[in-house]
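What follows is the residue order along each chain.
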Amino acid sequence: MWNQPYLETCCRSALHRLTLVGPAGRPQGLADEPCLKRLSGMGLAMHRADGSFAITDEGTVRHASEILARRRRA
């Protein structure tokens, strides 16, 4: 059974971008900041002390199960 909250397309894209930037993180003030804040609230990202957003371990797992799995099926 699927028990994880649904991610809108824009938030899935923001989560994917977090994996692409790695440890550098995504700076605040970009167009996807509302999604990054939403992901932070879900525990999939974190808003660091330097103001940037980074993916969490839980976010990495969700990315693998939802985004990478979808690419393998396509």
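What counts and how
Residues numbered from 1 in each chain as written. Predicted model: local features only at pLDDT ≥ 70, side-chain atom pairs only at ≥ 80, totals over all residues. Heavy atoms only, no water. Salt bridge = Lys/Arg side-chain N within 4 Å of Asp/Glu carboxyl O. Helix = DSSP H or I, 4+ residues; strand = E, 2+ residues; numbered from the N terminus. Buried < 20%, exposed > 50% of the residue type's maximum accessible area, 1.4 Å probe, protein only. Core = buried A, V, L, I, M, F, W, Y, C linked by side-chain atoms within 4.5 Å. Contact = heavy atoms within 4.5 Å.

Draft legend 1. Summary view of the pattern of salt bridges. This model, assessed by the stated rule, comprises five salt bridges. For lysine 37, the salt bridge identified is with glutamate 33, shortest N-O distance 3.4 Å. With a gap of four residues between them, lysine 37 and glutamate 33 both fall in helix H2 (residues 33-41), about one helical turn apart. For lysine 37, a relative accessible area of 48% gives the class partly exposed. Taking the relative accessible area as the measure of exposure, glutamate 33 reaches 16% and is therefore buried. Between aspartate 50 and arginine 48 there is a salt bridge, with its nearest N and O atoms 3.6 Å apart. Classification of aspartate 50 by relative accessible area gives exposed; the value is 58%.

Draft legend 2. Examining the nonpolar core more closely. Counting 12 residues, the largest nonpolar core consists of Leu7, Cys11, Ala14, Leu15, Leu18, Cys35, Leu36, Leu39, Leu44, Ala45, Phe53 and Ile67. Elements that contribute at least two residues to this core include exactly helix H1 (9-21) and H2. Here the element with the most residues in this core is H1; it accounts for four residues. With residues up to four places along the chain from it excluded, the contact list for leucine 18 reads Arg26, Leu36, Leu39, Ala45, Phe53, Ala54 and Ile55.

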